[in-house]
Amino acid sequence: MLTHLLFIPFTKILFVNGIITKNRKPIVLIEAKLNEETLSPNLVRYSKLYGDIPMIQVLAKTAYMDKHKNSLIVSAADFFSNFS
């Protein structure tokens, strides 16, 4: 099992900020936003393109979490609080 976390700076190939892959196959898309509480259209589009893979949108806004079947919009503080 080979897993990678790739952050993609402004590229014309893929308009999301990051991808987690497993065996070179995308399994999670990641987008960083200032305070947008609705999913990025690019996240939704690329999630569907890769077979409805999960989406995470991380916000600079504090104390926010909105979890759905295939997506999570969460404040950076809450998201990274589990990484200790």
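From a predicted model like this one, the values you see are computed outputs, not experimental measurements. (Residues numbered from 1 in each chain as written. Predicted model: local features only at pLDDT ≥ 70, side-chain atom pairs only at ≥ 80, totals over all residues. Heavy atoms only, no water.)

Caption draft 1: The nonpolar core, seen in detail. Formed by Val 16, Ile 19, Leu 29, Leu 43, Tyr 46, Ile 53 and Met 55, the largest nonpolar core amounts to seven residues. Beyond its immediate chain neighbours, meaning those up to four positions away, Met 55 contacts Leu 29, Leu 39, Leu 43, Val 44, Ser 47, Asn 70, Ser 71 and Leu 72. Ile 30, Ile 56, Val 58 and Val 74 belong to the second largest nonpolar core, which has six residues in total. (Core = buried A, V, L, I, M, F, W, Y, C linked by side-chain atoms within 4.5 Å. Buried < 20%, exposed > 50% of the residue type's maximum accessible area, 1.4 Å probe, protein only. Contact = heavy atoms within 4.5 Å.)

Caption draft 2: Spotlight on the pattern of salt bridges. Across all of its chains, the model carries two salt bridges by this definition. Across the pair Glu 31 and Lys 33 runs a salt bridge whose closest N-O atoms are separated by 3.3 Å. Judged by relative accessible area, which is 7%, Glu 31 ranks as buried. Between Lys 61 and Glu 37 there is a salt bridge, with its nearest N and O atoms 1.9 Å apart. Pair noted here: Lys 61 is in the loop between strand 4 (55-59) and strand 5 (65-67) and Glu 37 is in the loop between strand 3 (25-33) and helix 1 (41-49), with a separation of 24 residues, a long-range link. (Salt bridge = Lys/Arg side-chain N within 4 Å of Asp/Glu carboxyl O. Helix = DSSP H or I, 4+ residues; strand = E, 2+ residues; numbered from the N terminus.)

Caption draft 3: Structural detail: helix 1. Buried within helix 1 are the following residues: Leu 43, Tyr 46 and Ser 47. One side of helix 1 carries all its buried residues, which in axial view fall inside an arc of 105 degrees. Turned more than 90 degrees away from the buried face of helix 1 sit Pro 41, Lys 48 and Leu 49, all of them exposed. Looking at the buried residues of helix 1, the elements they touch are strand 3 and strand 4. (Arc of directions from axis to C-beta.)

As far as function goes, none of this settles anything; it's purely spatial.
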